[in-house]
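An overview of the molecular structure
If you want the building blocks of each chain, they are given just below.
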Amino acid sequence: MALGNTVIETPKPALNLFEVTRMELQGDDYFTILEVPRWKIRANGPIPESYVNTAAIMTGLTVTNQHTSDITVSARIISTDNHAYPVIKSAPIPTNDFLYISFDRQVLLTGERLEIACDSNTGSPTANHATVHFSYIINQREQYPEY
């Protein structure tokens, strides 16, 4: 299993960190909203440096249409072996409206990514089509020796 490229150095592992990612989407490409990190625990005296896998408990995602016309939104999860698992495909969001996706505490594991794309059919790669608000909890996964 390949692990994610995101490594966060810290003196202690993640325990119930409530986080949010907010970003504007431009164009119709998939954008990575979150790549679940590994935590690098610094060496402390006789205790050697170690790595801790984490899990992101997804709570909700809101996509707001900022464009002057209707847009469609797609979301997918990319596994550690780069397989794409669609969450929602081409969901319409009317002008001045939003779409809420409840993840019901689904879990992303270390190295997995949540990606979002929006399409307004304008052909403008620089227009801010949508704003994404994604809330999640980062937590430490069970610790097993890595061989």
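Going by the structure above, here's the rest.
Please read all numbers here as calculations on a predicted model, not as lab measurements. The residue numbering used here restarts from 1 in each chain and proceeds along that chain's sequence as written. With the structure being a predicted model, the display of local features is reserved for residues of pLDDT at least 70 and the display and counting of side-chain atom pairs for 80 or more, all residues being used for whole-chain, interface and lining totals. To get the side-chain values, all heavy atoms of the structure are used, and hydrogens and water are removed first.

1. So, the pattern of salt bridges
Filter applied, for reference: What counts as a salt bridge is simple: a side-chain nitrogen of Lys or Arg found within 4 Å of a carboxyl oxygen of Asp or Glu. The cut-offs for exposure are 20% and 50% of the maximum accessible area for each residue type, with area from a 1.4 Å probe on protein chains only; residues under the lower value are buried, those over the upper are exposed, and the others partly exposed.
In this structure the tally under the stated criterion is three salt bridges. Where Lys40 meets Glu49, a salt bridge forms, and the shortest distance between an N and an O atom there is 3.5 Å. With relative accessibility at 42%, the residue Glu49 sits in the partly exposed group. In this structure, the salt-bridge partner of Glu115 is Arg113, at a minimum N-O distance of 3.3 Å. Since its relative accessible area comes to 7%, Glu115 is described here as buried. A network of salt bridges, in which partner residues are shared, links Arg76, Arg113 and Glu115.

2. Let's talk about the environment of Gln106
Which entries qualify depends on this criterion: Secondary structure counts use DSSP, requiring at least four H or I residues in a row for a helix and at least two E residues in a row for a strand, with both numbered from the N terminus. For this analysis, residues touch if any pair of their heavy atoms sits within 4.5 Å.
Structurally, Gln106 is set in the loop between β8 (98-102) and β9 (107-109). Excluding residues that lie within four positions of it along the chain, Gln106 makes contacts with Ala56, Ile57 and Met58.

3. Some points on unusual backbone geometry
The phi dihedral of Asn82 falls on the positive side, at around 65°, and the residue is not glycine. When you line up the elements, Asn82 lands in the loop between β6 (71-78) and β7 (84-93). Backbone geometry at Asp104 places phi at a positive 45°, although glycine is not the residue there. Counting through the fold element by element, Asp104 comes out in the loop between β8 and β9.

4. Let's talk about the side chain of Ser79
Inclusion rule: Counting of polar contacts relies on pairs of N or O atoms within 3.5 Å, with two restrictions inside protein: one atom must be capable of donating a hydrogen and the other of accepting it, and residues adjacent in sequence are counted only when both atoms are side-chain atoms.
If you trace the backbone, Ser79 turns up in the loop between β6 and β7. Only 2.2 Å separates the side chain of Ser79 from the side chain of Asp81, close enough to count as a polar contact. Once you skip the residues sitting within four places of it in the chain, Ser79 turns out to touch Tyr85 and Glu112.

5. Quick word on the sheet that holds β6
Selection criterion: Any two strands between which DSSP finds at least two bridges are classified as paired. Fitting a line to C-alpha atoms yields each axis, with helices limited to the stretch in contact; the angle taken between N-to-C directions then spans 0 to 180 degrees.
Read from one edge to the other, the open sheet built from four strands follows the order β3-β10-β6-β7, with strand pairing classed as antiparallel. The strands lining the two open edges of the sheet, one partner per strand, are β3 (31-35) and β7. Taking each pair of neighbouring strands and ignoring which way they run, the sheet shows an average axis angle of 15°. Two strands pair when backbone bridges link them, and β6 and β7 are joined in this way by seven bridges, in the antiparallel orientation. Paired with Thr72 across the strands is Pro92, a residue of β7.

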